[in-house]
Structure formats: C-alpha cells, structure tokens
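# Architecture at a glance
What follows is the residue order along each chain.
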Amino acid sequence: MDQSATQAVTETNDRSDVAPDALRAASHPAPDRLVLQRGIFTGPSPKISDELYAVVKGRSTRERQALRLDKGATAHTNTYFGRFAASYWQRWTTVTTVEVSMVLDVAKKARVRLVASDIAGHRRIVSSADIDVSGPLTLSAPLDQYVDGGALWLEFDAVGAELGISELTWTTESPERVRPVAIAICTFNRAEDCAHTVAALASDPTVLAAIDAVYVVDQGTDLVQDRPLFQQTQPVFGDKLRYIRQPNLGGAGGFTRGLYEVSGANEHADVILMDDDILCEPETVLRLNAFANLTVEPTLVGAQMLFLLNPDYLNVGAEEVHLNKLVHGQKVPKALRNTSMLKRNQERRVDAGYNAWWTCLIPAEVVKKIGLPIPIFFQWDDVEYGVRARENGFVTVTLPNAAVWHADFYWKDFDDWARYFSTRNSLIVCAMHNDLDGKAITRQLFHNIAEHLVAMQYGLVHTTLQGIEDFLRGPQVLRDGGIEALAAARTSRNDYGETIKHPAATPPVPSSEIQIRRAGGEPSRLLAVLVKRAITQWTGRTQHGIVGVTREDAHWWHVSLFDHVVVTDASQSGVRVRRRDKATARKLLLRTLRVLRRLRRELPALQQQYRAAVPELTSRANWERLYGIDGD
C-alpha cells in the first residue's frame, strides 16, 4: 500500500469521528401505522421485467409507485415483489391484521379485490370493493390462516374508463418505538458497482429517511470515493454516509467493520449487510427493516437473491448448511431453486438455516450476545455467524418478496483460488459447531480430490490441499485475517497450467485438431466409474488427441476419458487446457494421503482448539488489532 493510502486508513481508523450523530439516538418515534411494504410497479433498472412487480392485461402506464390502467385493462400484484408474504408475517411477527391502502383516480368505475392464497396456491377473495369516485381506499385482512404458506395480493379492474393507482401501502399498527438501522457495504475494487449501489439507496426518499447511516468499507485500490457518481451522491446522504478505508481483509473483515462501528456507536441499532456488486432494490431495505421491527424475538432477516444476468430467476428460497458434510448453500426442502419468478410463486413457508450476506439484517442483540464474525477472510463467514446466532437462540428468516440481484453463481468456475478459503473455512466452521467424524470427513475429501485428479485439475487439488494443510495449523492461521493466505492461494496456482484461462479464439493448441466430444448421461455407479477412470489414467489408456468439451459437459467422468482436453471456462470468457500428467498426479496423490491421514488423527484436538479460540477471534479487541485501531 502506498503512503497516501496508509495515511487514509490511519485517519479513518480514528474512531473519534466515525459514528454519525444520527445513529446515537436510541430509536425513532413510531408513526401510527408502520409501512410494511409499498406498491412498486416497475423495477430499478430497464433490464428488470415489470411483471416481477405487477401483471397488466391491456394498455397501461407505469411509474415507480403509480400505475394507470386504460379502459378495460386489468392488473394484479400476484407477483414476486407485489405479493405480501402473509405466512412469514403470521409465523414470525406480532402482526395479526394488515391493512392495504391506496389512492384511486377513478374515471368511471373500478373494482378492487384483496386476494389470498394457501399453501397449494388456491385463490380466495378476502375483500373487494366497487368504486365510482376517486379517493383513498383501505382494505384489511387478518393474518390467521397462513402458518404453513400463502400470500396476499391485489387485483384491479378499470371498468368503463381509466383507473389510476398510487400511494399503495401495506401497513399495521406500529410498535412503540422503531429501531434505527444502518447499512454496511463492503467493497474491493468494484468501485463503479459500489457507487451504483449507494446511489440506489439515495434514490428513494422514504428509504433514505429510514436509514440512520451508511458505511462504505473500501478495501481496494480502485477507490469508490473517486467515482463521479459516488461524489454526486454524497450530498444527498449528508453526514449519514461514512467512508472507511482499510487493508483488504475480505468480506469477513469488511462486513465486520460495519458491525463493529455501528455496535460501538449504538448498541440498539440493527445493521443491514449488503454486497457492493448487487443491483439494489431499495424497497427491500424498507421490507427487511419493517419485518425486523415486528418479530416476536430478535431475528436475522435476509433478502433473497435473484440472478443478475437472468433477473427473473430466484437463486434459492432458503438455504441451510450440512455441517457433518462440510457443505453450505443447501436448498431447504420444498424451497424453490433456480426458478423463474415470472412463472411460479413461493407459496410454502420454508425456514432458513442462515442467510448469505448479499443483503441481510443483523439485530443489535445478536452482536451484543455472540460478538463479531470470525476473521476467515471470505467464504463461510456468513454461514458461521448464522449458525452461531441460532445456537444462541436467534433464528434467521429469509423473507420472500424482498430481494436484490447478484451475479449468477454458475458463471464462476469452481477451479479458482477461492477454493482454498472454501475448503479451509468449511473445516474451521464445521469443526467449531459440530463433532466431525474424522473417518467420514477424510473419506469424503479423498473422494472429491480423486475426482479432480482424474479430471486433470491438478491446481484445484493443490488449492484444496492447501486449505486442509492450513486448517491443520490451528487458529493461528487466522492471526492476520487472511492476507498471507490470499497471496499464497493465488500465486501457488501458477505452477499448474490448467488453471490459466486462454482466449477461446487462440487456445495454446491448434484449433484444427480440436474435436468436440459431448457427454452421455451420468453413470449410475459413480464410485465404480471413478475407480475405472483412475486405473485408465494411471495406465495411460485414455483416448489420445485434443478434445473440446463444453462447460455443461465438463463432468469428471467425461473429461477423464481423454488425456488432452480444452474445456470452456464457466465464465464463458475463455478456455482452459487440461493435460494428463502422471508424475504430477502421483505427487499430489501421495500428498493427499499424508494430509488426510494427519487430518483424521488430529481432528479431535483441532476441534477443541478452534472452539476455544472463538471468544478471542470474535472480540472487538481482535478486530481492532486487525484494523489497526487504538481501542482505548
């Protein structure tokens, strides 16, 4: 880091002026009725389908919070952002009745229906009104028949002439006080994306008024503060916007800085953690905050994730972690996954194990009781915090109809330096929160590594082993917050040629010699096939010649049939070339056996070491040391 950057970090790490005065208030006076969600009719970007908000038959004119129907047109909000998630509000909050109010501009006659669904999606009319005069309209519905599933929405008919709909709000009786909320955005060299996310928050006056502070934690060298859009947005926030620079400590370090600052300024304030590279729907902030203010007990409230490149598709309705198998991101049974929300709605209530930090609200009580996240740089930090919160009595709710758009995960190649953190941190987190079976875990890891070996992904095997080896070092590996580990994980992969991405038009092999080979169906006896492929590769009886394989066909059981393969990268931006190398495979296999033998032997002691280290790792003092802050 250059001298000016070091000075900037030092200055912003001086906590004497970090917390804005607005955040020092214990809470906000509550209005008579709390707005739970608003009627939004068009998205924050032209790339977003309007039908995620409202479906119209006939001619209409849309604005962000207003809809005008021509004569004979109909509209309904039985859509992703238009529905009210009645099941979740009944199950987790104190709300027993909800009112939906609007202002209607009626030219002749209009019909409005408040409609409900059940767990199976069956439609029933809760209330209706025929209107022939302009003005406000309020309909109400009890939340008493939705425990396992169901939602509420509105239907409109413009009968005989135009109909205008505006100021649509879903409200309930307010709590005595409304808790303050701050937003923490962590960023690393995604300056333009981050500037747009901050600008999106500033674009909605209602959301802006509800936010007490926005912390932008910049860990990069391409600075957000230098972007014209960010500079234009700063005056809108005034002293609510706080810009902090610090060394790159990954997502864990960036998000924790937000929790650290807010909890230090006001122990009663909630924090919404938000990724920098999302397409932000400001309405989601309002919905998460309203839900958190009305839960029966302090609750982590997460937004869902829609895909940025396929923006009507939902990533997953709710996720859980299988600690005994070292896997997270697992779909909760009956939850929707990779589904177009233009075609389906989530009727069933599904309960989450945790929520990823693309956007997630953390209540103040959670930070006060369980401390800050662990400094594992990135990958699994959000999982660990959600698991630790649940162990201390705090559940997580992934709220439907509240979402942001985030980069599609399947456009990221699995063979990446990030696999180091995924491997190491999965072992750390699962060891902290579960009594792992050393025999089962080492068998699973060996199986995974064997698949990578036969697929000629030698760099991936090396990166995986690096993660296991550093786990074996014990809690001391987290001493610097991951800076050293990041450098090692990135640079050591350079020794393996198949980790390098090449332009598809100019691969390092003659294009005329590449023969495309498509994969057949998945074998029924995968273990037997794995053994067979390993023997074939070891004896050199693989098919010779240069073979091209598409990303969708790049299964280990297909790629391992050949000894020289050009594989499309998951990003679709280039190709990687894999080539059978018996000597490298043998070296990595022997290393694997040594490492896994040691893991199996030392796992019980390591579990105790990591568990004993949690209080120190998650303390404010430890994070102050990592940030270079004088805690006195």
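Before any of the text, the structure's been laid out above.
Model, not experiment: these values are computed from the prediction. (Residues numbered from 1 in each chain as written. Predicted model: local features only at pLDDT ≥ 70, side-chain atom pairs only at ≥ 80, totals over all residues. Heavy atoms only, no water.)

A word on empty space enclosed by the protein. In the structure shown here, the tally under the stated rule is four cavities of 30 Å³ or more. Estimated volume of the largest cavity: approximately 60 Å³. As for the largest cavity, its lining consists of Arg83, Ala85, Ser87, Tyr88, Gly150, Ala151, Gln346, Glu347, Arg348, Pro400 and Asn401. Looking at the lining of the largest cavity, the elements with two or more residues in it are α2 (86-92) and β24 (396-406). Of the residues contributing to the lining of the largest cavity, the split by class is four nonpolar, four polar and three charged. The computed volume of the second largest cavity comes to approximately 40 Å³. Forming the walls of the second largest cavity are Leu36, Gln37, Ala85, Trp89, Arg287, Leu399, Pro400 and Asn401. Looking at the lining of the second largest cavity, the elements that each hand over two or more residues are β2 (33-38) and β24. (1 Å grid on protein atoms, 1.4 Å probe; cavity = no way out; pocket = protein on both sides within 12 Å on 5 of 7 lines; lining within 4 Å. Points joined across faces, edges and corners; volume = space filled by probe spheres on them. Helix = DSSP H or I, 4+ residues; strand = E, 2+ residues; numbered from the N terminus. Nonpolar A, V, L, I, M, F, W, Y, C, P; charged D, E, K, R; others polar.)

We now examine the pattern of salt bridges. Summed over the entire model, instances satisfying the criterion amount to 36 salt bridges. Taking the shortest distance from any N to any O, the salt bridge between Arg473 and Asp470 comes out at 3.7 Å. Here the salt bridges share partners, and the residues they tie into one network are Arg111, Arg113, Arg123, Asp130, Glu155 and Asp157. (Salt bridge = Lys/Arg side-chain N within 4 Å of Asp/Glu carboxyl O.)

The contact between helix α11 (residues 438-454) and helix α12 (residues 458-471) brings their axes to 8 Å, and the two run at 155°. Judged on the interaxial angle alone, α12 and α11 are roughly antiparallel. The element α11 and its partner α12 pack so that their crossing is left-handed. Side by side, α11 and α12 meet where Leu445, Ile449, His452 and Leu453 of the first sit next to Tyr458, Leu460, Val461, Thr464, Leu465 and Ile468 of the second. In terms of residue class, the contact of α11 with α12 is built from eight nonpolar, two polar and no charged. (Axes fitted to C-alpha atoms, helices over the stretch in contact; angles between N-to-C directions. Parallel < 35°, antiparallel > 145°, perpendicular 65-115°, else oblique. Left-handed = near helix turned anticlockwise from the far one by under 90°. Contact = heavy atoms within 4.5 Å.)

In space, the four strands of this open sheet follow the order β25-β26-β27-β28, with mixed pairing throughout. Where the open sheet ends on each side, the last strands, each with one partner, are β25 (515-516) and β28 (575-579). The sheet contact formed by strand β27 (residues 564-568) and β28 spans five bridges and is antiparallel. Looking across to β28, one finds that Val567 is bridged to Arg576. (Pairing = 2+ DSSP bridges.)

The next point concerns the pairing of strand β12 (residues 163-173). Counting buried residues along β12, eight of its eleven residues qualify, which places the element largely inside the surrounding structure. Note that strand β5 (residues 66-69) and β12 share four bridges and pair antiparallel. Paired with Ala66 across the bridge in β12 is Ser166. Sheet analysis places strand β7 (residues 97-106) next to β12, joined by seven bridges and oriented antiparallel. Its bridge partner being in β12, Leu104 is matched across the sheet by Ile165. (Buried < 20%, exposed > 50% of the residue type's maximum accessible area, 1.4 Å probe, protein only.)

If you look at the biggest cluster of nonpolar residues, it comprises 89 residues, and the most contacted ones within it are Leu69, Trp89, Leu152, Leu154, Phe156 and Leu201. In this structure Leu152 touches Arg83, Phe84, Ala86, Val98, Leu114, Val115, Ala116, Val126, Ala141, Leu143, Tyr146 and Trp170, once residues within four positions along its chain are discounted. Counting 54 residues, the second largest nonpolar core, distinct from the first, contains Ala431, Val477, Val567 and Leu603. (Core = buried A, V, L, I, M, F, W, Y, C linked by side-chain atoms within 4.5 Å.)

It helps to recall that an α-helix has 3.6 residues per turn; residues three or four apart then point in one direction. Buried within helix α17 (residues 620-627) are the following residues: Asn622, Trp623, Glu624, Leu626 and Tyr627. Contacts made by the buried residues of α17 are with α6 (250-265) and α16 (582-617). Positive phi appears at Gly628, one or two residues downstream of α17, with a value of about 75°.

The subject of this paragraph is the pairing of strand β17 (residues 270-275). In terms of burial, β17 is a largely internal element, six of the six residues being buried. Every second residue of β17 is oriented toward a common face, with Asp270, Ile272 and Met274 on one face and Val271, Leu273 and Asp275 on the other, all of them buried. As defined by bridge partners, strand β14 (residues 181-187) adjoins β17 across six bridges and the pair is classed as parallel. Note that in β17 the partner of Ala184 across the bridge is Leu273.

Turning to α12, a few remarks are in order. If you check α12, its first and last C-alpha atoms are 20 Å apart, about what 14 residues at 1.5 Å a residue would give, namely 20 Å. Within α12, 13 of the 14 residues are buried, leaving the element largely enclosed by the surrounding structure. (Expected span 1.5 Å × (residues − 1).)

Going through the model one piece at a time under the given rule, you end up with zero disulfides. Looking at the unpaired Cys360, the closest cysteine sulfur is the one in Cys280, lying at 15 Å. Among the cysteines around Cys430, which has no disulfide bond, Cys360 carries the closest sulfur, lying 19 Å off. (Disulfide = S-S within 2.5 Å.)

Bringing a nonpolar patch on the surface into the picture now. On the surface, a nonpolar cluster with roughly 310 Å² of combined accessible area is contributed by Leu309, Tyr410 and Trp411. Assignment of secondary structure puts Trp411 in the loop between β24 and α10 (418-433). Of the residues examined, Trp411 reaches a relative accessible area of 34% and is grouped as partly exposed. (Patch = residues over 30% accessible without salt bridge, like charges linked within 9 Å, V, L, I, M, F, W, Y side chains within 5 Å. Areas by Shrake-Rupley, 256 points an atom, 1.4 Å probe, with all protein chains shown as cover.)

Strand order in this open sheet of five strands is β3-β6-β11-β8-β9, and the pairing throughout is antiparallel. Edge strands, defined here as strands with exactly one partner in the open sheet, are β3 (55-57) and β9 (123-131). When the angles between neighbouring strand axes are averaged without regard to direction, this sheet yields 15°. Both strand β8 (residues 109-117) and β9 contribute to a ladder of eight bridges, which runs antiparallel. Looking at β9, one finds that Ala116 is bridged to Arg124.

Now for the packing of aromatic side chains. Evaluated as defined, the whole model comprises 20 aromatic pairs. Consider the rings of Trp89 and Phe291, whose centres lie 4.8 Å apart with planes at 70°: the pair is edge-to-face. Of the two residues, Trp89 is situated in helix α2 and Phe291 in helix α7 (residues 282-294); the sequence distance between them amounts to 202 residues. Among the residues examined, Phe291 registers a relative accessible area of 0% and is labelled buried. Aromatic side chains Tyr260 and Tyr627 sit 6.0 Å apart centroid to centroid with 65° between the ring planes, which places their arrangement in the edge-to-face category. Of the two residues, Tyr260 is situated in helix α6 and Tyr627 in helix α17; the sequence distance between them amounts to 367 residues. Tyr627 sits in the buried class, given a relative accessible area of 2%. Directly above the aromatic system of Tyr627 lies the positively charged group of Arg257, at a separation of 4.8 Å from the ring centroid. When the ring centre of Trp417 is taken as reference, the NZ or CZ atom of Arg490 above it lies at 4.5 Å. (Phe/Tyr/Trp six-rings, centres within 6.5 Å; stacked < 30°, edge-to-face > 60°. Lys NZ or Arg CZ within 6 Å of the ring centre and 35° of its normal.)

Here we come to unusual backbone geometry. Despite not being glycine, Leu326 has its phi angle at roughly 60°, a positive value. Mapped onto the elements, Leu326 comes out in the loop between β20 (319-322) and β21 (327-331).

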